[in-house]
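Spelled out from the first residue to the last, the chains are:
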Amino acid sequence: MDPSAFRRTAGSFMMRRWSDPRRLAARRRRIERARRRSGERHVVEYFHQVDDGYSHLAAQCLRPLLDTYDIDLVCHLVGDPAGQNAPEPELLLDLSCYDSKMIAPHYGLSLPEGARRPDEEPADLAARILAGLDPEDFVDVAPLVGEALWSGSGEALRELAERHAPADPSTLAQRRQAGSDRRTELGHYSGAMFHYGGEWYWGVDRLYHLEERLSELGARKSRGEPVAPRPAIVTGPRKDDGSLTLEIYPSLRSPYSSLIFDTAVSLARETGVTMSMHPVLPMVMRGVPATREKGLYIFTDAAREARHLGLDDWGNVHDPIGEPVRRGYSLYPWAVSRGKGVELLSAFFRAAFWEGVNTGKDRGLRRVVERAGLPWDEARGIVGNSEWEEEVEANRQAMYGFGLWGVPSFRLLDGAGETLLAVWGQDRLWLVGREIQRHLEEREKGL
């Protein structure tokens, strides 16, 4: 077996293990039995990054979580993600501000309308205020500090500093390092993260998974709505006449792209917007490294997201990294010319992420081609060409042009080609649907 094929086989095995719901359920049972034997309470740890917009939204959920669930909450200050786990740290901080402003109202949270990435001096003061707090005060003070910081109100921040004495710089450094070390020990790298019972939950977007788990364990104090339920994907009631355009940026190796691709296509078709497909190379094939801890989180998280979407059979993966992706993309322009580009991508995802098909072999790729409604005899003479590379690279550059770099990404354009919304992640399709409806409603009202 050649080295690249061996890596794909080994990687596929690990991906299937990481995304196996039976393995996850068994692990959860072991952890819960151990917790009960020890008499330990439900302990949730939260990791707060001061200049991260997602952390500000998460901080607003801390007190509601304590009020709703019988848990102990341990809060840590952390620094920026670094190294191979943060390939675009500057872009990420800007995105956290823009994206958080977009999603906050849908969760009943707030990020000031004029918020922008905080400057270093006020961010340092905000961090020193939080580092100087007694642990029991963090859940109530952190949202106030974040509001002052993100609104750009130096006066409000100074007033908070008068009420809560800031730590000195060395104490801040120690607290931040301790939090970052604890995060590393538990196996993660980002801010706005919650950890419970061996699993990670990112920001408000994944709190509903944590809430479901705590409820199943009987930790909910009373009936009522979850603190941060995931907004539903809506496709109506209004329908566009094709004047809006939804650009979809998937990658054939992306687990998140695979589980949301068909839903995104259906959203475009059901809402009547013009759909424009822009496939890109996977990050690791663009020279962006991925660590084991990042891969572990992605696949376990993708499996949870798949189950939420009702895709219980997702996760039988045969990793298409490398040559299989290139072979798939080599057929894409031809498939588009035959009116089957979307069908080819969908069939590839189904084979690679649902059925464990080796798409690097002719037998597997033939299955993809024929499922897409295309003739294999014709495809066989086309596969392996390099004519697709220029288009796929142009798609990547376009993504970077509007501030995104990961997949799946979505961009909604108006009739003049102006960007109305640009978001990254399968967990933003609900926002795309709502923005389509909002713009159609404004058009009806003549706004």
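Residues numbered from 1 in each chain as written. Predicted model: local features only at pLDDT ≥ 70, side-chain atom pairs only at ≥ 80, totals over all residues. Heavy atoms only, no water.

1. What about the environment of Arg307?
Looking at where Arg307 falls in the secondary structure, it is placed in helix α12 (residues 292-308). For the pair Arg307 and Leu259, spaced 48 residues apart in sequence, the C-alpha separation works out to 9.8 Å. Discounting chain neighbours no more than four positions away, the residues touching Arg307 are Ser19, Pro21, Leu24 and Asp312. (Helix = DSSP H or I, 4+ residues; strand = E, 2+ residues; numbered from the N terminus. Contact = heavy atoms within 4.5 Å.)

2. Observations regarding a positive patch on the surface
Side chains of Arg17, Arg23, Arg27, Arg29, Arg30, Arg33, Arg37 and Arg292 sit close together on the surface and give a patch of like positive charge. Looking at the element boundaries, Arg30 is found in helix α2 (residues 21-38). Judged by its relative accessible area of 48%, Arg30 falls in the partly exposed class. (Patch = residues over 30% accessible without salt bridge, like charges linked within 9 Å, V, L, I, M, F, W, Y side chains within 5 Å. Areas by Shrake-Rupley, 256 points an atom, 1.4 Å probe, with all protein chains shown as cover. Salt bridge = Lys/Arg side-chain N within 4 Å of Asp/Glu carboxyl O. Lys, Arg positive; Asp, Glu negative; His and termini not counted. Charge placed at Lys NZ, Arg CZ, Asp CG, Glu CD. Buried < 20%, exposed > 50% of the residue type's maximum accessible area, 1.4 Å probe, protein only.)

3. Topic: the sheet that holds strand β3 (residues 193-196)
What the 4 strands build is an open sheet, ordered β2-β1-β3-β4; its pairing is mixed. Edge positions in the open sheet fall to β2 (71-77) and β4 (199-202), since each of these has one partner strand only. Adjacent strand axes in the sheet meet at a mean angle of 25°, parallel and antiparallel pairs treated alike. In the sheet, strand β1 (residues 42-48) pairs with β3 via 3 bridges, with the strands oriented antiparallel. The partner of Tyr46 across the bridge, within β3, is Phe194. Here α12 sits on the sheet and contacts β3 and β4; the angle it forms with β4, its principal contact strand, is near 75°. (Pairing = 2+ DSSP bridges. Axes fitted to C-alpha atoms, helices over the stretch in contact; angles between N-to-C directions.)

4. Some words on the nonpolar core
Judged by nonpolar contacts, the single largest core of 129 residues is most densely connected at Phe194, Trp314, Leu344, Val369, Phe410 and Val432. Here the element with the most residues in this core is helix α15 (residues 341-353); it accounts for 9 residues. If we skip the residues at most four places from it in the chain, Phe194 touches Val44, Glu45, Tyr46, Ala58, Leu62, Leu65, Glu199, Trp200, Tyr201, Gly203, Leu207 and Leu210. (Core = buried A, V, L, I, M, F, W, Y, C linked by side-chain atoms within 4.5 Å.)

5. Quick word on helix α6 (residues 120-131)
Under the 1.5 Å per step criterion, the end-to-end length of α6 is 16 Å for 12 residues, consistent within 8% with the ideal 16 Å. Residues of α6 that are buried: Ala123, Leu125, Ala126, Ala127, Ile129, Leu130 and Ala131. For α6, the elements touching its buried residues are β1, β2, α7 (138-151), α8 (154-163) and α9 (169-186). (Expected span 1.5 Å × (residues − 1).)

6. Digging into the pairing of β1
Within β1, 6 of the 7 residues are buried, which leaves it mostly tucked inside the rest of the structure. By the bridge criterion, 7 bridges tie β1 to β2 in an arrangement that is parallel. If you follow His42 over to β2, its bridge partner there is Ile71.

7. Description of the pattern of salt bridges
Side-chain pairs of opposite charge can arise where the charged atoms are in close proximity. Summed over all chains, the structure comprises 41 salt bridges. Ionic pairing is found between Arg41 and Asp70, a salt bridge with its closest N-O pair at 3.0 Å. Remark: Asp70 occurs in the loop between α4 (62-68) and β2 and Arg41 occurs in the loop between α2 and β1; sequence separation between them is 29 residues. Using a relative accessible area of 36% as the deciding quantity, one classes Arg41 as partly exposed. Look at Asp70 and you get partly exposed, because its relative accessible area is 37%. Glu435 is the salt-bridge partner of Arg438, the closest N and O atoms lying 3.0 Å from each other. One end of the pair, Arg438, and the other, Glu435, are both in helix α19 (residues 429-445), 3 residues apart, so they sit about a helical turn from each other.

8. Focus on the sheet that holds strand β8 (residues 419-424)
The strand order across the open sheet built from 4 strands is β6-β5-β7-β8, with neighbouring strands paired in mixed fashion. Strand pairing shows two members of the sheet lacking a second neighbour, β6 (274-277) and β8, which therefore form its edges. Each strand axis lies, on average, 15° off the axis of its neighbour in the sheet, ignoring direction. Two elements, strand β5 (residues 245-249) and β6, share 4 bridges in a ladder whose sense is parallel. If you follow Thr245 over to β6, its bridge partner there is Thr274. Relative to the sheet, helix α11 (residues 255-271) contacts β5, β6 and β7 (409-413), its axis offset from that of β6 by approximately 150°.

9. Here's the deal with the state of the cysteines
All told, the structure shown has 0 disulfides when counted by the stated rule. Between Cys61, a free cysteine, and Cys75, which holds the nearest cysteine sulfur, the sulfur-to-sulfur gap is 12 Å. Look at Cys61 and you get buried, because its relative accessible area is 2%. Free of any disulfide, Cys97 has its nearest cysteine sulfur in Cys61, 17 Å distant. Since its relative accessible area comes to 5%, Cys97 is described here as buried. (Disulfide = S-S within 2.5 Å.)

10. Topic: α11
Compared with the 24 Å implied by 1.5 Å per residue over 17 residues, the 25 Å span of α11 between its first and last C-alpha is a close match. The largest bend in α11 comes to about 45°, at Phe261. Extensive coverage of α11 is indicated by the burial of 12 of its 17 residues. Of all the positions in α11, only Pro255, Tyr256, Ser257, Ser258, Leu259, Ile260, Phe261, Ala264, Val265, Leu267, Ala268 and Thr271 are classed as buried. The first or second residue beyond α11 is Gly272, which carries a positive phi of 80°. (Bend = angle between axes of the 7 residues up to and from the residue.)

11. Some details on the packing of helix α10 (residues 203-216) against α12
Viewed as axis vectors pointing N to C, α10 and α12 meet at an angle of 70°, and their least axial separation amounts to 12 Å. When the interaxial angle is binned, α10 and α12 end up roughly perpendicular. Contacts between α10 and α12 involve Arg206, Tyr208 and His209 from the first element and Tyr297, Asp301, Arg304, Glu305 and His308 from the second. Residue composition of the contact of α10 with α12, grouped by class: 2 nonpolar, 2 polar and 4 charged. (Parallel < 35°, antiparallel > 145°, perpendicular 65-115°, else oblique. Nonpolar A, V, L, I, M, F, W, Y, C, P; charged D, E, K, R; others polar.)

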